[in-house]
Amino acid sequence: MAAVRKIRNWSKCYKDMYDNILDQKIAHIIQCVDAPNNTLFEIINKIRKEYPSIDPELVQIVIQGELDRQVQAPTCTPCGSKAHKKYSTKKECVTTIGTLVIDCPYYVCPKCKAVHTPYENALNLRDGKYQYDVQKIASLFGSKETFEEAAEMMNEIYRFDISADTVHKLTNQVADEISLEEITPTSQEISKIIEDISEETYRRPVLVFSADGAMVPIRTEDKGQPHHWREAKGIRGYLLDKDKIVHLLSWHQISNITEFRGFLAELRDKDIIPQDKVRLCFVGDGADWIWDCVKEYFPTCRQVLDYFHCSEHLHDFAKHQFAGSKKGDEWIEQTKVRLFHNNASHVIAGLKRMKCKTATAETERTKLVNYLTKNKGRIEYGRLRRGGYPLGSGAIESANKFISNIRLKRSGAWWKVDYANNILKLRCAKYNSKFDSFFEEYEQKAKQQRVSRPKRIRRVK
């Protein structure tokens, strides 16, 4: 008997401990709900910060109780009459903490017959069962992995049965709303980064822009026509902090030159670059359209021709002139040294005096002379190196790889242009560290649109 009494005492002790923990959880959930001020997306985010794993039934009970207690019968905005309750419907809400079923009343104005849904408006519930926290996870996973893999991971982690088609739909709904302005840092954020980098330095840091393209497999809509490849033009901005790159922004889209000019114009018009606090630099290859855009939108920046791109042109000429001999390697190294000592004029003069062995070599020499002459002001590599400027476009090449190629160049994948651009938008938002702030704005815009849109009465059979 003594042993039984001892077990009962311990059992009561454990029950009291659990009750205390439960009371704390309920108090925290009530504080998070704060009906009718917080949306379901905000409620779940606040709860998960304190309790990553929690009983969804407990959350459902508290949310339902707080809505019943705090939300009153609405007054019709157009006519000022008090709306009457017409019926209630149970709304299934699939969230990252589990499935919640909210009993949502519908109110109708007796005069103008306008329908009011105060619970759905207060919580900002999405049409359909998957809520905004699920959509956020779906768009993140869908931008990183295939939609099938994203659905599998979500089902494994959150234990709900979401399909790849639904992940695809949720992802594109979010990406359709992304614009360049929403995922670029503000002028205040950039100024703060520049101030941090500029401490204990005697000269202004270098802010680098670099542009390049990556080919993307595109599905042809016309019947009987083969698929093809299109270029996703990208631009990356970063600060050089000694030997470290501080990323600022990336923007990649499948676009033509006119649309790319629009991106540069938008960056310039946003006035986010404090040009008096940095030394502006643009690194690119020999494409004329890139330098034309730079001259038009950033005329005062320092222009740098990618060193490795320049080296490729030297190798192309040497291959035909020296036929792969050791003399060709020596000529290439000597020419690089001259370019590093800012002797581009001597290199060009030497090429013009050189006797070509074949007609092909003469053609390649003409191309190289024109190339170096056109980019003469961009190949002062020694002076650029001493000034702390970058010589290569490795940063944009890297951005093309981890933003575009990793996701879009999958085996057997052929994209519609709109869908490919949506994935690029999401990946840019993530790598610009702007996805969370963008999604909060996206959810708030959806709330405003929900309140303002007209509704019809649904009849309950």
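Since this is a predicted model, take the numbers as computed values, not measurements.

## A word on the overall build of the chain
Step number 1: Summing up its helical and strand segments, the chain has 18 helices and eight strands in all.
Step number 2: Its C-alpha radius of gyration of 31 Å places the chain more than 25% over the 23 Å reference for a compact globule of 461 residues.
Step number 3: Referenced to the eigenvectors of the C-alpha coordinate spread, the extents of the chain come out at roughly 105 × 65 × 45 Å.
Step number 4: Contacts in the chain between residues at least 24 apart in sequence constitute 68% of all its contacts with a sequence separation of at least 6.

## A short note on the sheet that holds strand β8 (residues 302–305)
Step number 1: Within the open sheet, the five strands sit side by side as β6-β5-β4-β7-β8. Their pairing is mixed. Looking at strand neighbours, the two that pair on one side only are β6 (244–254) and β8, the edges of this open sheet. On average, adjacent strands in this sheet sit at an angle of 25 degrees to one another, irrespective of strand direction.
Step number 2: Against the sheet, helix α17 (residues 417–431) engages β4 (206–218), β5 (228–241) and β6, with an angle of about 165 degrees to β6.

## Side note on the pairing of strand β7 (residues 279–284)
Step number 1: Within β7, six of the six residues are buried, which leaves the element mostly enclosed by the surrounding structure.
Step number 2: Neither face of β7 is exposed, since Arg-279, Cys-281 and Val-283 on one face and Leu-280, Phe-282 and Gly-284 on the opposite face are all buried.
Step number 3: Bridge count for β4 against β7 is five bridges, and the pairing is parallel. Looking at β7, one finds that Phe-209 is bridged to Phe-282.
Step number 4: Looking at chain direction, β7 and β8 are connected through four bridges and run parallel. Bridging from a neighbouring strand, Cys-281 pairs with Arg-302 of β8.
Step number 5: Tracing the backbone out of β7, into helix α10 (residues 288–297) and back to the parallel element β8 gives a crossover that is right-handed.

## Concerning the sheet that holds strand β1 (residues 84–95)
Step number 1: Spatially, the three strands line up as an open sheet ordered β1-β2-β3, and their pairing is antiparallel. Across the chains shown, the open sheet's two edge strands, defined by having one partner strand only, are β1 and β3 (115–116).
Step number 2: Summarising the sheet, strand β2 (residues 98–108) and β3 pair through two bridges and their orientation is antiparallel. Bridged to Tyr-107 within β3 is His-116.

## Some thoughts on the packing of helix α6 (residues 147–158) against helix α7 (residues 164–175)
Step number 1: Here α6 crosses α7 at 105 degrees, and the two axes come no closer than 8 Å. Taken together, the axes of α6 and α7 lie roughly perpendicular to each other. Residues Phe-147, Glu-148, Ala-150, Ala-151 and Met-154 of α6 form the contact with α7, whose participating residues are Ala-164, Val-167, His-168 and Thr-171.
Step number 2: The residue makeup of the contact of α6 with α7, split by class, is six nonpolar, two polar and one charged.

## Notes on the packing of aromatic side chains
Step number 1: Per the stated rule, a full pass over the model turns up 21 aromatic pairs.
Step number 2: An angle of 70 degrees between the planes, with centres 5.5 Å apart, marks the rings of Tyr-307 and Phe-340 as edge-to-face. Placement of Tyr-307 in helix α11 (residues 307–321) and of Phe-340 in helix α12 (residues 326–340) is noted, with a sequence separation of 33 residues between them.
Step number 3: Looking at Tyr-307, the relative accessible area reads 15%, which means it is buried.

## Some details on the pattern of salt bridges
Step number 1: Under the defined criterion, the tally for this structure stands at 20 salt bridges.
Step number 2: Ionic pairing is found between Lys-434 and Glu-189, a salt bridge with its closest N-O pair at 3.0 Å. With Lys-434 in the loop between α17 and α18 (435–452) and Glu-189 in helix α8 (residues 187–198), this pair connects stretches of sequence that are 245 residues apart.
Step number 3: Here Lys-434 falls in the buried class, since its relative accessible area comes to 10%.
Step number 4: The exposure class of Glu-189 is partly exposed, given its relative accessible area of 34%.
Step number 5: When the shortest N-O distance is used, the salt bridge between Arg-261 and Glu-296 registers 2.2 Å. Linking Arg-261 in helix α9 (residues 257–270) with Glu-296 in helix α10, this pair joins segments that are 35 residues apart in sequence.
Step number 6: A residue is classified by how much of its surface remains accessible, and Glu-296, at 41% relative accessible area, is partly exposed.
Step number 7: Here the residues in one salt-bridge network are Glu-120, Asp-127 and Arg-450, joined through shared partners.

Rules used in this analysis
- Residues numbered from 1 in each chain as written.
- Predicted model: local features only at pLDDT ≥ 70, side-chain atom pairs only at ≥ 80, totals over all residues.
- Heavy atoms only, no water.
- Helix = DSSP H or I, 4+ residues; strand = E, 2+ residues; numbered from the N terminus.
- Rg over C-alpha atoms; globule rule 2.2 N^0.38 Å.
- Contact = heavy atoms within 4.5 Å.
- Pairing = 2+ DSSP bridges.
- Axes fitted to C-alpha atoms, helices over the stretch in contact; angles between N-to-C directions.
- Buried < 20%, exposed > 50% of the residue type's maximum accessible area, 1.4 Å probe, protein only.
- Right-handed = clockwise from strand over helix to strand, strands pointing away.
- Parallel < 35°, antiparallel > 145°, perpendicular 65-115°, else oblique.
- Nonpolar A, V, L, I, M, F, W, Y, C, P; charged D, E, K, R; others polar.
- Phe/Tyr/Trp six-rings, centres within 6.5 Å; stacked < 30°, edge-to-face > 60°.
- Salt bridge = Lys/Arg side-chain N within 4 Å of Asp/Glu carboxyl O.

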